[in-house]
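Analysis of the macromolecular model
If you want the building blocks of each chain, they are given just below.
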Amino acid sequence: MRCITYIRSFWYILLLPVFLWACEDQTKVCDQTVRSDFKMSFLHHNTFKNLDQDTALPAVTIKALDKDVIYEPRQSVNLTYVSLTLDPLHDTSKFFILPDTIASRSDTITLIYSREPHFVSAGCGFTTYYSLKSVTSTNHSIDSLHILQPKITTTNDTHVTLYF
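In this report, the structure presented in the accompanying data block is examined. Model, not experiment: these values are computed from the prediction.

What to know about the side chain of T161
- For T161, the position within the fold is in strand 11 (residues 160–163).
- Not counting chain neighbours up to four residues away, the residues in contact with T161 comprise S41, L43, S144, L145, H146 and L148.

A short note on the pairing of strand 6 (residues 92–98)
- Bridging between strand 3 (residues 61–64) and strand 6 involves four bridges; their strand directions are antiparallel. Each bridged residue has a counterpart across the sheet, and for I62 the counterpart in strand 6 is I97.
- With six bridges joining them, strand 6 and strand 7 (residues 107–121) adopt antiparallel strand pairing. Paired with T92 across the bridge in strand 7 is I112.

Here's the deal with the packing of aromatic side chains
- Scanning all chains against the criterion turns up three aromatic pairs.
- Taking 5.2 Å as the distance between ring centres and 85° as the angle between the ring planes, the aromatic pair formed by Y113 and Y130 counts as edge-to-face. Linking Y113 in strand 7 with Y130 in strand 8 (residues 125–137), this pair joins segments that are 17 residues apart in sequence.
- Classification of Y113 as buried rests on a relative accessible area of 1%.
- Taking the centre distance of 5.2 Å and the plane angle of 65° together, the rings of F119 and F126 count as edge-to-face.
- Looking at F126, the relative accessible area reads 58%, which means it is exposed.
- One Lys or Arg, K39, reaches over the ring of Y81 and ends 4.3 Å from the middle of that ring.

Section: the pattern of salt bridges
- Enumeration over the complete set of coordinates arrives at two salt bridges.
- Taking the shortest distance from any N to any O, the salt bridge between D37 and R35 comes out at 2.4 Å.
- A salt bridge links R115 to D91, with the shortest nitrogen-to-oxygen separation between them at 2.7 Å. Here the residue R115 occupies a position in strand 7, and D91 occupies one in the loop between strand 5 (81–84) and strand 6, the gap between them amounting to 24 residues.

Cut-offs and rules
- Going along each chain's sequence as written, the residues are numbered from 1 onward.
- At least 70 in pLDDT is required for a residue's local features to be given in this predicted model, at least 80 for side-chain atom pairs to be given and counted, and no such filter applies to totals for whole chains, interfaces and linings, which use all residues.
- Where side-chain values are given, they derive from all heavy atoms of the structure, hydrogens and water being excluded.
- Where helices and strands are cited, they refer to DSSP runs of H or I of at least four residues and of E of at least two residues respectively, numbered from the N terminus.
- Contact criterion: two residues are considered in contact whenever any of their non-hydrogen atoms come within 4.5 Å of each other.
- Note on pairing: two strands pair once DSSP finds at least 2 bridges between them.
- Pairs were defined over the aromatic rings of Phe, Tyr and Trp, the Trp ring being its six-membered one, requiring ring centres within 6.5 Å. Orientation was assigned from the angle between planes: stacked under 30 degrees, edge-to-face over 60, tilted for the rest.
- Relative accessibility decides the category of a residue: with a 1.4 Å probe and only protein chains considered, values under 20% of the type maximum give buried, values over 50% give exposed, and everything between is partly exposed.
- Cation placement over rings: the criterion is NZ of Lys or CZ of Arg within 6 Å of the ring centroid and within 35° of the ring normal.
- Just to be clear on terms, a salt bridge is a Lys or Arg side-chain nitrogen sitting within 4 Å of an Asp or Glu carboxyl oxygen.

As structure tokens, then:
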């Protein structure tokens, strides 16, 4: 009888590390990005060469309507693109954009989208993915726009191009 007890104890001791190793800590620190920002680039269509060229905006001001200023003019900062955070509680975001403080006129960009919660991991929780339904703008300084990628799931993709 004692021998059987020793054998059982031996197997318990031998298998205990295997069982503990199989348990994963669900409270790990989040090691993934949970951001999914809207990114737009700025281009100018050169009609003489019939090609699109990057447009660097040296004194751009961007503001989410009814919210704080996101970008303000700074010296020696030429933006060719900007990433903006969309409103996770509503299906619409509006942005005021002034490409240059001297000669240009301001425009308003309106984004209409659907929202989808996405589970990242136990440590990171949830993020919101967006799907653009439409993007419109006034045409004071902005000539036109083109939707490149309607799904907003990362911070890497360019979603819309604005032509000045």
